[in-house]
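Chains, contacts and geometry: an overview
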Amino acid sequence: MANRAQIQTNNSALIAMIADEDTIVGLLMAGVGNVDLRRKTNYLIVDSKTTVKQIEDAFKEFSTREDIAIVLISQYVANMIRFLVDSYNKPIPAILEIPSKDHPYDPTQDSVLSRVKYLFSAESVASGRR
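Cut-offs applied
- Residues numbered from 1 in each chain as written.
- Predicted model: local features only at pLDDT ≥ 70, side-chain atom pairs only at ≥ 80, totals over all residues.
- Heavy atoms only, no water.
- Pairing = 2+ DSSP bridges.
- Helix = DSSP H or I, 4+ residues; strand = E, 2+ residues; numbered from the N terminus.
- Axes fitted to C-alpha atoms, helices over the stretch in contact; angles between N-to-C directions.
- Contact = heavy atoms within 4.5 Å.
- Phe/Tyr/Trp six-rings, centres within 6.5 Å; stacked < 30°, edge-to-face > 60°.
- Buried < 20%, exposed > 50% of the residue type's maximum accessible area, 1.4 Å probe, protein only.

Read across the sheet, four strands follow the order E2-E1-E3-E4 without closing on themselves; strand pairing throughout is parallel. Edge strands, defined here as strands with exactly one partner in the open sheet, are strand E2 (43–45) and strand E4 (94–98). Adjacent strand axes in the sheet meet at a mean angle of 20 degrees, parallel and antiparallel pairs treated alike. Pairing geometry for strand E1 (residues 14–19) and E2, over three bridges, is parallel. Directly across from Met-17, in E2, lies its bridge partner Tyr-43. Across the face of the sheet, helix H1 (residues 21–29) comes into contact with E1, E2, strand E3 (68–74) and E4 while running at roughly 160 degrees to E1. Sitting on the sheet, helix H2 (residues 52–64) touches E1, E2, E3 and E4, and the angle it makes with E1 is about 165 degrees.

Structural data, given as structure tokens:
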């Protein structure tokens, strides 16, 4: 236990979002949005005019901010920056891929799910070992 890295917890942490407009609006209506004093938001709306560079920059910013605990990213957007998503290996903020209205979820492309499957093979789960 002494060798384990401690995960810092804040009293309040944000959920960041990188997705299409419909997904972002739904989450904003649920109260997930935030604008700080410097007018920085915790979301990026991806549309046909959004460049891959803007998506990369938002992902890098959200994954390094101290006040963000989870980054929700639409799977089709994550596929645009797959090399960044797959190389990310920190526990916080957690990166979660979500489906969008126009692009269904494909579990074969989810980096988190593939890591879980690697760690817990079907044989060990079926036999009751962990």
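This structure, assessed with the given rule, holds one aromatic pair. Plain terms: the ring middles of Phe-59 and Tyr-88 are 6.1 Å apart, the flat faces sit at 80 degrees to each other, and that makes the pair edge-to-face. Pair noted here: Phe-59 is in helix H2 and Tyr-88 is in the loop between helix H4 (82–87) and E4, with a separation of 29 residues, a long-range link. Judged by its relative accessible area of 2%, Phe-59 falls in the buried class.

No statement about biological role is implied by the geometric values presented.
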